Amino acid sequence: MKKKLLVLLFSLLSLQSNVHSEESYMFGGAKLFNYGIEKSDLREINTSLVALGFSSSASSTDNTGVGFDIGFGVEIAPNFSIEGSYVNYGTLEIKTNTTGPTENITTEITGDGVVGALKYSQEGFYVKGGMHSWDFSGKVTASLGSSSDSLGTGSDPFFAAGFGSDQMEIGYEYYVIEDGDISAVTLRYARKF
């Protein structure tokens, strides 16, 4: 992941040297993610735990997490920019309570990625599309300890739309991920240099 981020940043900085400095910008902001976990996903977890020998299992999640992004953009033509960024996808937490034996299990899924996108903006509205390279891991904690493992990596499409000015934007982002898509409402600040 670090290698991909360095290649992306180097590519953007190389491209930036070929354009006027007022056409380049740095941005960053907060994201409120919706992880798209459905009741059927929680039932699948509970069914698996009962199959392991627990008498019953009940899982819950608020299905949200707070993340952030930071990146660079370069205007390549009027109304068109190329952006590259690092994204922290936040933490999804699933709480599970079992009986027979009684156990409180916490599952935390975290992830980060690199996004490359083409952005079109006009009169305060923007849309963008590109690809994101993601990496997710999980940590399960129970009374006997915890275990962490990689859940997967991949590259998939990314789309966004929103409103804003030269400095502030609010938008909606959609990240395609092979086993389940996630979305985010984002608020970000940009600074031209």
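The structure presented is a predicted model; accordingly, all values stated were derived computationally and were not measured. (Residues numbered from 1 in each chain as written. Predicted model: local features only at pLDDT ≥ 70, side-chain atom pairs only at ≥ 80, totals over all residues. Heavy atoms only, no water.)

Draft legend 1. Molecular detail of empty space enclosed by the protein. A complete count under the given rule lists 2 cavities of 30 Å³ or more for this structure. Here the largest cavity is characterised by a volume of approximately 80 Å³. What lines the largest cavity is a set of 14 residues, and nearest its centre among them are E83, S85, V115, K128 and F158. For the lining of the largest cavity, the secondary-structure elements that each account for two or more residues are β1 (24-34), β4 (80-99), β5 (103-122) and β8 (168-175). When residues of the lining of the largest cavity are assigned to their parent elements, the largest contribution, 4 residues, is made by β4. Of the residues in the lining of the largest cavity, the class split is 6 nonpolar, 2 polar and 6 charged. (1 Å grid on protein atoms, 1.4 Å probe; cavity = no way out; pocket = protein on both sides within 12 Å on 5 of 7 lines; lining within 4 Å. Points joined across faces, edges and corners; volume = space filled by probe spheres on them. Helix = DSSP H or I, 4+ residues; strand = E, 2+ residues; numbered from the N terminus. Nonpolar A, V, L, I, M, F, W, Y, C, P; charged D, E, K, R; others polar.)

Draft legend 2. How the structure looks around the pairing of strand β3 (residues 64-77). Judged from the 11 bridges that link them, β1 and β3 form a sheet pairing that is antiparallel. Following the sheet pairing, F27 is matched in β3 by G71. Across 9 bridges, the pairing between β3 and β4 is antiparallel. Across the sheet, the residue bridging to F72 is G84, located in β4. (Pairing = 2+ DSSP bridges.)

Draft legend 3. Here's a closer look at the packing of aromatic side chains. Per the stated rule, a full pass over the model turns up 12 aromatic pairs. Plain terms: the ring middles of Y25 and F27 are 6.2 Å apart, the flat faces sit at 40 degrees to each other, and that makes the pair tilted. Like F27, Y25 is buried. When the centroid spacing of 4.9 Å and the interplanar angle of 45 degrees are considered together, the rings of F158 and Y175 count as tilted. With F158 in strand β7 (residues 145-164) and Y175 in strand β8, the pair connects residues that are 17 residues apart, well separated along the chain. The class for F158 is buried, based on a relative accessible area of 2%. For Y175, a relative accessible area of 1% translates into the label buried. One aromatic cluster in this structure is built from F33, Y35, Y89, W134, F136, F158 and Y175. (Phe/Tyr/Trp six-rings, centres within 6.5 Å; stacked < 30°, edge-to-face > 60°. Buried < 20%, exposed > 50% of the residue type's maximum accessible area, 1.4 Å probe, protein only.)

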